[in-house]
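# A closer look at the structure
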Amino acid sequence: MSSEARVAVLGTGIMGSAVARNLLRAGISVRVWNRTPSRAELLAREGAQVAESAAAAARGADFLITLLPDAGVIEEVVGNGVLVSLASDGVWLQMSTVGIEGCERLGQLAAESGVAYVDAPVLGTRQPAEEGKLVVLASGPEDLRERCRPIFEAIGSRTLWLGPAGMGSRLKLVTNNWIAGFLGALAETLALAEAIGVDPARFFEAIEGGPLDAPFARIKGRMMLERSFDPSFTLKLALKDARLILEAAEDGGQRLKITEVVKSRYEEAIAMGHGEEDMSALFLAVAADRC
Ligand SMILES: NC(=O)c1ccc[n+]([C@@H]2O[C@H](COP(=O)([O-])OP(=O)(O)OC[C@H]3O[C@@H](n4cnc5c(N)ncnc54)[C@H](OP(=O)(O)O)[C@@H]3O)[C@@H](O)[C@H]2O)c1
């Protein structure tokens, strides 16, 4: 499918570069900017234009996609003449995970610049992003749905439209809480197996094909057992998300003790020097408690 849309992608890390590549494959014109230019330049070979500044990337663009770590960084980057550089009917698709309060702050920034704002965090990690199989959790003005469709179809397999801006970020926290709890339970299960002399392969054999089996457990479990943590999603960003979840839960009057423990495991693994590795490296903090 081809489109006349011009898209600016700010941030070409794991997610931003995969998203930019899939937009290019769909025939959409893409301009990228990244703080470290060498990471953006890799995309030039695939047809992206590489801009020298975020504002230059955004100039005249129909869509702005942000895939940066958190709301603070996005405010810094986007506050710098970016929103006013977009086409007069430009739309900001904010796809980073920024939590409820962060989403509101960024929405406010968009409103002050008269830019339409779609809160569109994504579900899926490196591989689904590279394969164009993300799930887009979109929320914002209904009348933008059709305009956004070619963009979301290029990067994802499904889009859920969830209501007013902010609902996407809320659902993203809910799904990430599921991931955090799952990962923590998986790490302790494999550590227990190792500690009591059970071959972890037997655990996977026991759950194989039944309702307890899950691709996520197999992917992350293999990384834990092999102590090999090439990042799909870094521990550092997983900790950021755990903080966002716990803040939102507190505001909503809900205590999440399991997530609190997982967050402390993330902190321990980061203190051990694994912040840039995959979130599954929290296993090293769990296994370090073996006496
Ligand atoms: N990876 C996943 O599985 C996944 C899934 C869903 C959602 N997300 C969310 O998507 C967002 C991006 O995640 P990612 O995994 O792509 O992260 P990443 O690979 O760590 O990339 C982070 C990007 O942000 C840039 N950046 C970092 N600090 C910056 C600063 N102070 N100023 C300007 N740019 C800065 C980095 O630039 P440099 O190259 O210069 O460092 C890089 O382009 C995050 O909000 C994350 O929570 C990630």
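My aim in this report is to walk through the structure given alongside it, one point at a time. In this text the structure is predicted, and so the values were computed from the model without any measurement. One numbering rule holds for all chains: residues counted from 1, following each sequence as written. In view of the model being predicted, local features appear only for residues whose pLDDT reaches at least 70, and side-chain atom pairs are presented and counted only at 80 or more, with totals across whole chains, interfaces and linings using the full set of residues. Note that water and hydrogens are dropped before the side-chain values are worked out from all heavy atoms of the structure.

## Comments concerning the site of the ligand
Here a residue counts as near a molecule or strand whenever at least one of its heavy atoms sits within 4 Å of it. Neighbouring residues of the ligand: 24 residues in total, closest Ile-14, Asn-34, Thr-36, Thr-125 and Lys-240. Whenever two N or O atoms come within 3.5 Å, that pair is a polar contact, provided that in protein one can donate a hydrogen and the other can accept it, and provided that, for residues adjacent in sequence, both atoms are side-chain atoms. In the model, an oxygen atom of the ligand is placed 3.3 Å from a nitrogen or oxygen of the Gly-13 main chain. The separation between an oxygen atom of the ligand and a polar side-chain atom of Lys-240 is 2.7 Å. Secondary structure elements are defined from DSSP: runs of H or I of at least 4 residues count as helices, runs of E of at least 2 residues count as strands, and each element is numbered from the N terminus. Mapped onto the shell around the ligand, the elements with two or more residues apiece are α1 (14-25), α4 (71-78) and α11 (235-251).

## A word on the sheet that holds strand β7 (residues 122-123)
Pairs of strands are assigned from DSSP output, requiring at least two bridges between the strands. On the basis of which strands lie adjacent, the open sheet formed by three strands has the order β7-β8-β9 and mixed pairing. Looking along the sheet, the strands with just one partner apiece sit at the ends: β7 and β9 (156-161). Two residues qualify as a contact provided that any one of their heavy atoms is within 4.5 Å of a heavy atom in the partner residue. The axes used here are C-alpha line fits, helices contributing only the stretch in contact, and every angle between their N-to-C directions lies in the interval 0 to 180 degrees. Across the sheet, helix α7 (residues 145-155) touches β8 (134-138) and β9, and the angle it forms with β9 is around 145 degrees.

## A look at unusual backbone geometry
Here Arg-227, not a glycine, exhibits a phi torsion of approximately 50 degrees, which is positive. Residue placement: Arg-227 occurs in the loop between α10 (215-226) and α11. Judged by relative accessible area, Arg-227 falls into the partly exposed class, the value being 39%. The rule is simple: take the accessible area with a 1.4 Å probe, protein chains only, and divide by the maximum for that residue type; under 20% is buried, over 50% is exposed, in between is partly exposed.

## Points about a nonpolar patch on the surface
A cluster of nonpolar residues, Leu-192, Ile-196 and Val-198, forms a patch on the protein surface that exposes about 270 Å² of accessible area. Within the secondary structure, Ile-196 sits in the loop between α8 (167-195) and α9 (200-207). Patch definition: residues above 30% relative accessible area lacking any salt bridge, with like charges linked at up to 9 Å and the nonpolar side chains Val, Leu, Ile, Met, Phe, Trp and Tyr linked at up to 5 Å. Each accessible area is a Shrake-Rupley estimate made with a 1.4 Å probe; only the visible protein chains count as cover when residues are assessed. Here, a salt bridge means any Lys or Arg side-chain nitrogen found within 4 Å of an Asp or Glu carboxyl oxygen.

## Points about the packing of helix α5 (residues 99-112) against α8
At their nearest, the axes of α5 and α8 sit 9 Å apart, and the two run at 155 degrees to each other. The pairing of α5 with α8 is recorded here as roughly antiparallel in orientation. Considering only the axes of α5 and α8, their crossing is right-handed. Residue-level inspection shows Gly-99, Ile-100, Cys-103 and Glu-104 of α5 in contact with α8, the latter providing Ser-169, Arg-170 and Leu-173. The scheme is simple: roughly parallel for angles under 35 degrees, roughly antiparallel for over 145, roughly perpendicular for 65 to 115, oblique for anything else. Two helices that cross are described as forming a left-handed crossing if the nearer one is turned anticlockwise from the farther one by less than a right angle, and a right-handed crossing if clockwise.

## Looking at the state of the cysteines
Our working definition of a disulfide is a cysteine sulfur pair at a distance within 2.5 Å. Tallied over the full model, the rule gives zero disulfides. In this model Cys-103 remains outside any disulfide bridge; the closest cysteine sulfur is found in Cys-148, 14 Å from its own. Under the relative-accessibility criterion, Cys-103 is labelled buried at 3%.

## Focus: the packing of aromatic side chains
The relation between two aromatic rings is expressed through the spacing of the ring centres and the mutual angle of the planes. Aromatic pairs are defined between Phe, Tyr and Trp rings, using the six-membered ring for Trp, whenever the two ring centres lie within 6.5 Å; interplanar angles under 30 degrees are classed as stacked, those over 60 as edge-to-face, and all others as tilted. Scanning the entire structure with this criterion turns up five aromatic pairs. Taken together, a centroid distance of 5.3 Å and an interplanar angle of 65 degrees make the contact between Trp-92 and Tyr-117 edge-to-face. Here Trp-92, found in strand β5 (residues 91-94), pairs with Tyr-117, found in strand β6 (residues 116-119); they are 25 residues apart in sequence, far enough to count as distant. Accessibility expressed as a relative area gives 0% for Trp-92, which makes it buried. Given a relative accessible area of 8%, Tyr-117 falls into the buried group. Measuring from centroid to centroid gives 5.1 Å for Phe-182 and Phe-216, while their planes differ by 45 degrees, and the two rings are tilted. Here Phe-182 is found in helix α8, whereas its partner Phe-216 is found in helix α10, with 34 residues between them in sequence. Taking the relative accessible area as the measure of exposure, Phe-182 reaches 22% and is therefore partly exposed. Each residue in the set Trp-178, Phe-182 and Phe-216 is aromatic and connected to the rest through ring pairs, giving one cluster.

## Points about the pattern of salt bridges
Enumeration according to the criterion identifies 22 salt bridges in this entry. Put simply, Glu-75 and Arg-105 hold a salt bridge, and the shortest N to O gap is 2.8 Å. A residue pair is termed long-range when its members are at least 10 positions apart, and Glu-75 in helix α4 and Arg-105 in helix α5 qualify at 30 residues. The exposure class of Glu-75 is partly exposed, given its relative accessible area of 28%.

## Overview of the nonpolar core
For this analysis, a nonpolar core means a set of buried residues of the types Ala, Val, Leu, Ile, Met, Phe, Trp, Tyr and Cys, connected via side-chain atoms within 4.5 Å. Within the largest apolar cluster, 36 residues are counted, with the highest numbers of intra-cluster contacts made by Leu-23, Ile-65, Leu-93, Met-95, Val-118, Ile-151 and Phe-152. For this core, the elements supplying multiple residues, two or more each, are β1 (6-10), α1, β2 (29-33), β4 (63-66), β5, β8 and α7. In contact with Met-95, other than residues within four places in its own chain, are Ile-65, Thr-66, Leu-67, Ala-120, Pro-121, Val-122, Phe-152 and Ile-155. Of all hydrophobic cores here, the second largest spans 28 residues; its members include Ala-217, Met-224, Leu-235 and Met-279.

## Focus on the sheet that holds β5
An order of β3-β2-β1-β4-β5-β6 is seen for the six strands of this open sheet, with the pairing classed as parallel. Each edge of the sheet is formed by a strand with only one pairing partner; in this case those strands are β3 (49-50) and β6. Sheet analysis places β2 next to β3, joined by two bridges and oriented parallel. What sits directly across from Arg-31, in β3, is Gln-49.

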